[in-house]
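Report on the structure
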Amino acid sequence: GPTLFAPLIRYANQLAIQSFQESRTYTILLILTDGIINDMQDTCDAIVDAGRLPLSIIIVGVGDASFDKMDVLDGDDKPLISRTGEKECRDLVQFVPFNRFANQHYSVLAAEVLDEVPRQLMEWAEMNGVRPC
């Protein structure tokens, strides 16, 4: 079937809101993918919508497929823009191609996967007036 990220990200958006309200926690969504995505614009919209939420999204690409779309979602080179023209307010996505780290110690992969989370958390906290505990 088709690979759809947007419903998953929108669900994570709701969970992030609920989790923060209940226990002041920051949510990290981990997606493992083969690189195929069939709802690119809907996914961009969901990520842009998540910008002010206590959420980071980590995408790990597995296999040998093209991960060009995952690099776009990462937004390091060019911020995502929703179909309404809204530009993402912060980078909350980290993409890591598993094969680049497959022959290294697992700690190297772990470090790369989590590399942007501290900055993402701090940017979110600052933009929302939240002081991390």
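Residues numbered from 1 in each chain as written. Predicted model: local features only at pLDDT ≥ 70, side-chain atom pairs only at ≥ 80, totals over all residues. Heavy atoms only, no water.

Attention shifts here to the environment of Q41. Mapped onto the elements of the fold, Q41 is located in helix α2 (residues 40–49). Each C-alpha atom of the pair Q41 and R83 lies 7.0 Å from the other, and the pair is 42 residues apart in sequence. The contact partners of Q41, leaving out residues within four places of it in the chain, are I81, S82 and R83. (Helix = DSSP H or I, 4+ residues; strand = E, 2+ residues; numbered from the N terminus. Contact = heavy atoms within 4.5 Å.)

We now examine the pairing of strand β3 (residues 93–97). Counting buried residues along β3, 5 of its 5 residues qualify, which places the element largely inside the surrounding structure. Side chains V93, F95 and P97 of β3 all project onto a buried face; the interleaved residues Q94 and V96 project onto the opposite face, where all are buried too. Sheet topology places strand β2 (residues 55–61) next to β3; 5 bridges connect them, and they run parallel. Each bridged residue has a counterpart across the sheet, and for I59 the counterpart in β3 is F95. Chirality of the crossover, the property in question, places the unit of β2, helix α3 (residues 68–74) and β3 among those that are right-handed. (Buried < 20%, exposed > 50% of the residue type's maximum accessible area, 1.4 Å probe, protein only. Pairing = 2+ DSSP bridges. Right-handed = clockwise from strand over helix to strand, strands pointing away.)

Right, let's get into the sheet that holds β2. Strands sit in the order β1-β2-β3 across an open sheet of 3 strands; the sheet is parallel. Each edge of the sheet is formed by a strand with only one pairing partner; in this case those strands are β1 (27–33) and β3. Shown here is a sheet whose adjacent strand axes are inclined to one another by a mean of 15°, direction ignored. (Axes fitted to C-alpha atoms, helices over the stretch in contact; angles between N-to-C directions.)

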